Amino acid sequence: APAECPFCGEAAGRELEEHVRARHGHLLGAPGTGNGEQLYECPMCSLTCTNIQILEEHVDLHLEEHNFSEDIRDLELAQQLQTEEDERQRSEEEKREREEFKKLQRQYGLDNSGGFKQQFLKNMEREVDRGRMQPFEYHKRKADMMESLASGIDDGRTKTSGRDTENYTTKMVLSRPKIVVTKPVFNKTYNSLLNIGSGVDHFHSSLGDRGWGCGYRNFQMLLSSLLQNSFYNDCLRDTTLIPSIPKIQSMIEDAWREGFDPHGASHFNNRLHGSKAWIGACEIYSLLTSLRIKCQIIDFHKPTGPMGTHPRLFEWILHYYSADNEGGAKVVCTSKPPIYLQHQGHSRTVVGIEEKKNKSLCLLLFDPGCSSQQMQKLLKQNSDGTGLRLLRKFVGNLKEKQYQIVAVDGVLSLEEKTARCRASQVLTSEKIP
């Protein structure tokens, strides 16, 4: 507020001294007048007074104005300090967010560090440096890899071969009351528990996709089954061989260009090829649907049992494989394809389900994280069954917060494919529960 005149109380502001001299000069004396009157000079300005009380009031005004200015400066300083602190915290938060974003980009293969080819060559060079690979093998595998990339066909190095599975027998079947699996997993004589060579081929990660390629490898497993089922011949007439991972990335991009799942595509900036990007259930759905393969995403979005378990997931899979079973055979082979199973950070392929006498359930899983050597142990005639722990997962073994599955259930007409493409503008899933 402007300073007030100590004589009349009028607001005078910065012109206080001029106001006092003009209006109230008679109350003021001038130094050196020689009339013997005591003069009092303001210690803060050049004003002189003949009345000590008036001078005190005048000085008080100076002090009030000074304190007001000090308060303003203190407030401005406090505001400045707070602004600087807010800016510092905001800068640190933005830095943390950028670092976290880069970390997630690296984790999910979206950091522009190259894709399958670059990782494959880098890891082979490391193997040579460590003496675990001879230079001639490096050049041979590099040539094979370049040929595979050019053709778009997987080179088969990560497929578990099992041509001798006809001779593989196990006592495990006899000790199990009921096993429901996809037809390719067991041979037709029902003497073997697992036949991983003739129907569902197991694919594992390689030097080029280790750490991020599980989704692609599980698609290869699923496709290996569909290619041996004549029901899907028409849908897959342009895909008669297992595609390589870079080719699968291009196929997903083609599905996006057709209009499938635009929201999901934007997450990858509409580009997978040449990256180490992880894929999940939505990308598998888009790819299968673009090939006119009928499928659905089922989202087990929260545990449905004690201790964070998902018994409803097991029950759904049992129903899926048992739908066509009317008899009481110990081993039931169905024409149902494998199921793509996704959870945070990994995916696997469900090739069957086991039901024990006490009605407890056990999934049979092919894991792309298992090497060919581990899977080949299951084919040995003298196997004691301990290797089956790699495949068996009971209810208590699956305790992730959320699981999603992609289940194949027939073929689509062109009209149905178009309708599903439109519906995928906002891709939804069936939630259980």
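Residues numbered from 1 in each chain as written. Predicted model: local features only at pLDDT ≥ 70, side-chain atom pairs only at ≥ 80, totals over all residues. Heavy atoms only, no water.

Peer 1: Before we go on, may I ask you to explain the packing of helix 3 (residues 116–129) against helix 4 (residues 135–151) in this structure?
Peer 2: Pairs of packed helices are described in terms of their axes, by the angle between the two and the distance that separates them. At their nearest, the axes of helix 3 and helix 4 sit 11 Å apart, and the two run at 170 degrees to each other. Classified by the angle between their axes, helix 3 and helix 4 sit roughly antiparallel to one another. From helix 3, Phe116, Lys117, Phe120, Leu121, Met124, Glu125 and Val128 reach across to helix 4, where they touch Tyr138, Arg141, Lys142, Met145, Met146 and Leu149. Looking at the contact of helix 3 with helix 4 residue by residue, the class counts come to 9 nonpolar, no polar and 4 charged. (Axes fitted to C-alpha atoms, helices over the stretch in contact; angles between N-to-C directions. Helix = DSSP H or I, 4+ residues; strand = E, 2+ residues; numbered from the N terminus. Parallel < 35°, antiparallel > 145°, perpendicular 65-115°, else oblique. Contact = heavy atoms within 4.5 Å. Nonpolar A, V, L, I, M, F, W, Y, C, P; charged D, E, K, R; others polar.)

Peer 1: Hey, could you run me through the pattern of salt bridges in this one?
Peer 2: Proximity of charged atoms lets side chains of opposite charge pair with each other. Under the criterion given, the structure shown has 17 salt bridges. For the salt bridge of Arg157 with Asp144, the shortest nitrogen-to-oxygen distance reads 3.1 Å. Residue Arg157 is located in the loop between helix 4 and strand 3 (178–182), and its partner Asp144 is located in helix 4; the two are separated by 13 residues in the primary sequence. Given a relative accessible area of 39%, Arg157 falls into the partly exposed group. Judged by relative accessible area, which is 22%, Asp144 ranks as partly exposed. Notably, a salt bridge pairs Glu355 with Lys359, separated by 3.7 Å at the nearest N-O pair. By relative accessible area, Lys359 is classed as exposed at 59%. Via salt bridges that share partners, Glu85, Arg88 and Glu92 belong to a single interconnected network. (Salt bridge = Lys/Arg side-chain N within 4 Å of Asp/Glu carboxyl O. Buried < 20%, exposed > 50% of the residue type's maximum accessible area, 1.4 Å probe, protein only.)

Peer 1: Mind showing me how you'd approach the layout of surface pockets here?
Peer 2: A probe as big as a water molecule, rolled over the atoms, marks out the empty space that is left. Roughly 400 Å³ of volume is contained in the second largest pocket. Considering the residues around the second largest pocket, the lining is formed by 22 residues, among which Cys235, Asp238, Thr239, Met251 and Leu291 are closest to the centre. Sorting the residues of the lining of the second largest pocket by element identifies helix 6 (245–258), helix 8 (281–290) and helix 11 (414–423) as the ones contributing at least two each. If one sorts the elements of the lining of the second largest pocket by residue count, helix 6 sits on top with 5 residues. Looking at the lining of the second largest pocket residue by residue, the class counts come to 9 nonpolar, 5 polar and 8 charged. (1 Å grid on protein atoms, 1.4 Å probe; cavity = no way out; pocket = protein on both sides within 12 Å on 5 of 7 lines; lining within 4 Å. Points joined across faces, edges and corners; volume = space filled by probe spheres on them.)

Peer 1: Help me out: how do you make sense of the side chain of Lys417 in this one?
Peer 2: By the element assignment, Lys417 lies in helix 11. Classification of Lys417 as buried rests on a relative accessible area of 15%. Excluding anything up to four places from it in sequence, Lys417 contacts Glu258, Phe260, Thr289, Ser290, Arg292 and Leu412.

Bear in mind that shape data such as this cannot, by itself, settle questions of function.
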